[in-house]
Structures are given as structure tokens and as C-alpha cells.
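# Breakdown of the fold
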Amino acid sequence: MSTAKLILDGKEHEFPVIVGTEQETAIDITTLRQRTGAITLDPGYANTGSCVSSITFIDGETGILRYRGIPIEDLCASAKFPEVCYLLIYGHLPNSEEGAEWRRQLTLNSFLHQSMINFFDHFPVTAHPMAILSAMVATLSAFYPDVMDDKKIDLSIVRLLAKAKTFAAYSFKKSIGEPAVYPRTDHSYAANFLRMMFATPAEFYEVSPVLENALNMLLIVHADHEQNCSTSTVRMVGSSLSNLYSSISAAISALWGPLHGGANEAVINMLQAIHRDGGNYRKYVDMAKKKDSGFRLMGFGHRVYKNYDPRATILKREVDLVLGALGVTDPLVDIAKNLEDIALKDDFFVERKLYPNVDFYSGILYRAMGIPMEMFTAMFALGRLPGWIAHWKEMREDPATRIHRPRQVYVGPNKTAFTPLEKRERSAYQPKFTKE
Ligand code: SDX
């Protein structure tokens with residue numbers, strides 16, 4: 001085994017180097033603090049591996065993404081989302097018998113406890129779907145306490161995958177004042193979701209195969225992405241032995257941020273702003289290059305991909321297919337493509353290896369399906385659910401797992417005397433409690 005040497009205070013320390021199955025190299029510093037008294041510092045963990053994992057492989061330099069070794073392109077061309085969920089969570093694609101039972105369980109468990117449906121009556125209609133999704137997933141542990149029983153983990157997993165789709169569709173129906181639509185066993189996961197979102201008692205609703213296939217693709221490309229912010233959150237929360245539903249609820253909150261899963265909504269807001277501004281996309285590219293502008297080209301850049309995100313390639317192709325099949329045009333598509341063209345030739349983006357990521361085109365597809373913008377991040381969450389579950393399960397089954405508890409470098413005041421009330425000065429910062 002090769003090693004890495006560190007010299008600290010004149011003393012040499014040697015640490016083992018481990019190499020993954022795709023030649024990723026890591027210095028194992030498990031004994032660093034115990035042997036040297038020092039820790040490492042790596043804000044944002046850009047250079048730090050939190051675990052070993054067999055679920056997803058990304059090669060950011062060459063733009064490779066594989067789930068359990070299978071390239072994302074092959075899964076998008078040949079698999080259905082439930083199969084990909086099974087692959088990520090259980091490590092292999094289901095055979096016909098396993099797949100049939102898995103799909104049956106996913107539909108049967110789609111229904112909500114009647115008391116849970118009442119919850120939707122008490123959210124404000126303006127509630128963001130991610131707030132509802134996070135709350136309802138956490139509430140599952142109140143209705144299904146057997147989530148604490150590891151012997152029933154498969155039932156807890158299929159319940160979560162099945163009911164999350166229903167939570168998302170119900171939150172949309174509630175927001176438009178329409179009655180909930182129940183899933184059907186003769187529909188695929190994607191078809192059921194589209195039906196639950198758009199069918200009404202007033203008329204027969206037929207699922208468009210074009211939209212069903214596009215949604216299947218969108219769910220698959222979002223299904224996992226190794227140790228991203230929200231998946232690391234699942235591992236962090238789950239490492240305390242917190243139950244599956246609570247761990248996933250925390251991940252939903254992490255995904256909501258505009259730098260992460262919230263970017264798909266931010267991309268559409270950006271494209272619409274450019275459209276309102278006469279389509280002047282050059283102005284926005286120039287703004288994104290100015291540090292002090294506070295503006296970023298949303299949907300561009302990635303911590304890992306320093307090449308084109310393979311998911312963006314897949315979705316960009318799907319945009320042309322879906323809009324063509326639906327016979328619709330979307331002015332935002334041309335703006336997006338022009339932004340991409342100009343950015344990919346601009347030194348600022350080229351030097352920083354900033355390429356379109358998964359969020360750049362996904363929102364345009366969701367729009368084409370009639371999914372409202374505030375639902376976009378919830379759609380990302382539905383896709384990412386199997387990945388979060390797979391990582392939670394892998395972490396809990398790994399005997400090497402310890403509770404996540406990073407260290408810090410303290411830079412605060414040294415030992416300080418207590419100041420009695422009568423001697424305290426008014427501080428420079430005053431907290432604001434008034435409603436704006
Ligand atoms: C997702 O981790 C995952 O795998 C995430 C994800 C998944 O599937 O789970 O892939 C999903 O979250 C995709 C990313 C969605 N977010 C966005 O599209 C928001 C816009 N992108 C960025 O804010 C940014 O690129 C991040 C957050 C994605 C990555 O941030 P990093 O790795 O911390 O990079 P950085 O902020 O340090 O940027 C490096 C340089 C900086 O310039 P310099 O200081 O070197 O001069 O690139 C610049 C940044 O200012 N930069 C951008 C930019 N992104 C980075 N400049 C303009 N526009 C951008 N979008």
C-alpha cells in the first residue's frame with residue numbers, strides 16, 4: 001500500500017493512501033489528530049471524502065456519471081425510474097418478478113392515511129411545495145413509527161418513495177383548489193404522477209407518452225449524485241441513528257437552497273428576467289463575470305463537473321424532442337441556448353470550467369409539462385429520493401460508520417471575564433425584530 005508523508009513541527013508522519021475502483025486516490029487521515037494533535041481544514045469539504053461508497057461514480061473531468069456502474073445514458077435510454085430506484089437502493093436491477101412486486105408496492109403504498117390528507121387543509125395555499133414536502137416526510141414517522149424498526153426498513157423505504165409522489169401532487173392540487181386524484185395500479189410511476197397532478201373529475205385525462213417518457217428521464221437523471229450537499233445531509237443526520245424519514249426531511253431542506261436543487265427555479269427566474277429585458281443575454285453574461293454584481297449564471301458551474309454535466313446533455317436533447325412533439329415553442333429555450341453558446345466561448349467561464357449543469361435545462365422541460373415553477377425543486381427531490389435512501393441505507397449498514405462530528409479551528413475570544421449588567425455597553429449590532 002502506498003503512503004503519504006506529512007512533516008509537522010519537524011516531525012514526519014506517514015499515512016496510508018487508499019485507491020478506489022475507479023482510481024480515485026485518498027489519504028486516510030483517520031489517525032491524524034491522535035498522532036499529531038492537528039486537524040485538517042477544508043471549508044465546503046471540496047477536498048475531503050466523508051465515506052467510501054459503491055452507489056454512484058462521477059468523473060468530473062470527463063463528465064461521466066454511473067449508477068452502480070451503469071452509465072446514465074444507458075439508464076435513460078432503457079430503464080424506468082422504479083427500476084433505477086431499485087438499482088440504487090438494492091444494488092442491482094430487478095428481474096421481472098422483483099420488478100413487478102416493486103411496482104405493485106409503489107402503487108399500493110401511494111395512498112395517504114386519511115388524517116395525513118387533512119394536513120393539506122391547514123397549509124396556506126401559498127406554502128412552498130418544498131416546505132410541505134419536508135414537513136410531510138418528517139410527519140411520516142408520526143404515522144408510521146415502525147420506521148424505527150430496522151427489520152421493516154424495506155417497507156419504510158417503499159412507503160417513502162410511494163407517498164412522496166403523492167405529497168408533491170397533493171400540494172399542487174391544494175394550491176389550485178382542486179380535489180386530490182388517487183394513483184392507479186395500471187399506470188407507471190411517471191404516468192401516475194402526471195395523472196395525479198393534472199387529471200380532474202370533470203374530464204377523462206390521458207397521459208401523454210411524450211411527457212411520461214420525459215418525466216421518467218428527468219427522474220432518472222436526478223436520482224443520485226454521490227456526496228452532494230443534500231446527500232451528505234442525509235448521511236450526517238442518519239449517522240446519529242435518526243430514522244429514515246427524519247434524515248430525508250433534512251435532505252429536502254438542504255436541496256431547497258438556490259445553490260443546490262433550488263437552482264432549477266432560479267434558472268427560469270433568470271431566463272424570464274432576460275426575456276423581459278428584451279432577450280439581452282449578453283448583459284447577463286457580463287454581469288455574471290463581475291464579482292461585485294452578486295449575480296451568477298444560474299444552472300452553470302459545478303463543484304465536481306469541470307466538463308459538461310452529462311445530465312445537461314441528456315436534458316438539452318430532451319427539450320428539443322418534447323417541445324417538437326408537443327408542437328410548442330418556448331422563448332426561454334432560445335435564450336438558454338444563446339446564453340450557453342456565449343458562455344462556453346467566454347474566457348471567464350472557460351478558465352473556471354463553468355458548464356451548464358443538470359438545472360440549466362430541467363426547468364424548461366418541467367414548464368413544457370405544465371408543472372408550475374414553485375414545484376421544480378420538489379420534482380428534483382422526487383428524483384433524488386432513491387439516491388438519498390440508498391446512501392442512508394449504505395451508511396447504516398457500514399460497520400465503519402461513526403456519528404458525523406467534524407472539528408473546527410476556534411478563532412473566537414480567549415478566556416473573558418463575565419460583564420455585570422450595569423457595566424455593559426450598547427453593542428454596535430442591534431438585532432432587528434420589526435416586520436418589514
Ligand atoms: C446542483 O454537488 C452536486 O452534485 C449538486 C448537484 C446534484 O445533482 O446534487 O449536481 C445539483 O446543485 C447543481 C448546481 C446548481 N447550482 C447552480 O447552478 C447555482 C450556480 N452555480 C454556482 O453557484 C456554483 O457553480 C456552484 C454552487 C454550483 C459550485 O460552487 P463552488 O464549487 O463552490 O464554486 P465557486 O463558487 O468557488 O466558484 C468558482 C469560481 C468563482 O470565481 P473566482 O472566485 O474563481 O473568480 O467560479 C465562479 C465563482 O465566482 N462561478 C460562477 C458561477 N459558478 C461559479 N460565476 C458565475 N456564474 C456561476 N454560475
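Worth saying up front: this structure is predicted, and the values here are computed from it rather than measured. (Residues numbered from 1 in each chain as written. Predicted model: local features only at pLDDT ≥ 70, side-chain atom pairs only at ≥ 80, totals over all residues. Heavy atoms only, no water.)

On to the packing of helix α9 (residues 209–221) against helix α17 (residues 358–368). When two helices pack together, their arrangement is captured by the angle between the axes and the distance separating the axes. Interhelical geometry of α9 versus α17 gives an angle of 155 degrees and a closest axis separation of 11 Å. Classed by the angle they form, the pair α9 and α17 counts as roughly antiparallel. Remark: the crossing between α9 and α17 carries left-handed chirality. Contacts between α9 and α17 pair Leu211, Leu218 and Val221 from the former with Val358, Ser362, Leu365, Tyr366 and Ala368 from the latter. (Axes fitted to C-alpha atoms, helices over the stretch in contact; angles between N-to-C directions. Helix = DSSP H or I, 4+ residues; strand = E, 2+ residues; numbered from the N terminus. Parallel < 35°, antiparallel > 145°, perpendicular 65-115°, else oblique. Left-handed = near helix turned anticlockwise from the far one by under 90°. Contact = heavy atoms within 4.5 Å.)

Per the domain assignment, the segments making up the protein chain are domain 1 (71–259 + 383–397) and domain 2 (263–368). Its C-alpha centre places domain 1 at a distance of 27 Å from the equivalent point of domain 2. Listed per partner, the contact involves 16 residues of domain 1 and 18 residues of domain 2. Regarding the contact of domain 1 and domain 2, the summed buried area is about 1,500 Å², with carbon and sulfur atoms giving 71% of it. Applying the counting criterion to the domain 1 and domain 2 interface returns zero salt bridges. (Domains from an automatic or database assignment. Buried area = accessible area lost by both parts, 1.4 Å probe. Salt bridge = Lys/Arg side-chain N within 4 Å of Asp/Glu carboxyl O.)

This brings us to the sheet that holds strand β3 (residues 25–27). The strand order β1-β2-β3 describes an open sheet built from three strands, whose pairing is antiparallel. One side of each edge strand has no neighbouring strand; the edge strands of this open sheet are β1 (3–8) and β3. The sheet shows a mean angle of 30 degrees between the axes of neighbouring strands, direction not considered. As paired strands, β1 and strand β2 (residues 11–19) are joined by six bridges and run antiparallel to one another. Among the inter-strand pairings, Thr3 is bridged to a residue of β2, identified as Pro16. (Pairing = 2+ DSSP bridges.)

This part covers the packing of aromatic side chains. Following the criterion strictly, the structure yields 17 aromatic pairs and no others. When the ring of Tyr284 is compared with that of Phe295, the centres are 5.8 Å apart and the planes differ by 70 degrees; the resulting orientation is edge-to-face. With Tyr284 in helix α13 (residues 281–289) and Phe295 in the loop between α13 and α14 (310–326), this residue pair connects regions lying eleven residues apart in the sequence. You'll find Tyr284 and Phe295 in the same group, each marked buried. (Phe/Tyr/Trp six-rings, centres within 6.5 Å; stacked < 30°, edge-to-face > 60°. Buried < 20%, exposed > 50% of the residue type's maximum accessible area, 1.4 Å probe, protein only.)

Right, let's get into the nonpolar core. Membership of the largest hydrophobic core comes to 119 residues, with the highest contact counts inside it found for Tyr67, Phe193, Leu244, Ile248, Leu271 and Leu297. Among the domains, domain 1 (71–259 + 383–397) and domain 2 (263–368) are the pair contributing at least three residues each to this core. Setting aside chain neighbours within four positions, we find Phe193 in contact with Lys165, Ala168, Ala169, Leu215, Ile371, Met375, Met379 and Leu382. (Core = buried A, V, L, I, M, F, W, Y, C linked by side-chain atoms within 4.5 Å.)

Right, let's talk about unusual backbone geometry for a bit. The residue Arg68 is not glycine, and still its phi comes out positive at about 50 degrees. By the element assignment, Arg68 lies in the loop between β5 (64–67) and β6 (70–71).

The end-to-end C-alpha distance of α14 is 24 Å, a good match for the 24 Å that 17 residues give at a rise of 1.5 Å each. Among the residues making up α14, those that are buried are Pro310, Arg311, Ala312, Ile314, Leu315, Glu318, Val319, Val322 and Leu323. Residues of α14 that are buried make contact with β5, α2 (72–78), α9, α15 (331–345), α17 and α18 (376–397). Among the residues trailing α14, Gly327 stands out with phi positive, at a value near 65 degrees. (Expected span 1.5 Å × (residues − 1).)

In this model helix α11 (residues 244–255) runs 16 Å from its N-terminal to its C-terminal C-alpha over twelve residues, within 8% of the 16 Å that 1.5 Å per residue would give. By the criterion of burial, α11 is predominantly enclosed, with nine of the twelve residues buried. In this structure, the buried side of α11 is in contact with α6 (129–143), α7 (153–175), α10 (229–238) and α18. The N-cap residue of α11 is Asn243: its side-chain oxygen and the backbone nitrogen of Tyr245 are 2.8 Å apart. (Polar contact = N/O pair within 3.5 Å; in protein donor to acceptor, adjacent residues only side chain to side chain.)

This brings us to the packing of α17 against α18. Where α17 contacts α18, the axes come no closer than 10 Å and their chain directions differ by 110 degrees. Overall, the two elements α17 and α18 adopt an arrangement that is roughly perpendicular. When α17 is examined against α18, the residues Val358, Asp359, Gly363, Tyr366 and Arg367 are found in contact with a partner set consisting of Phe376, Met379 and Phe380. In the contact of α17 with α18, the residues fall into five nonpolar, one polar and two charged. (Nonpolar A, V, L, I, M, F, W, Y, C, P; charged D, E, K, R; others polar.)

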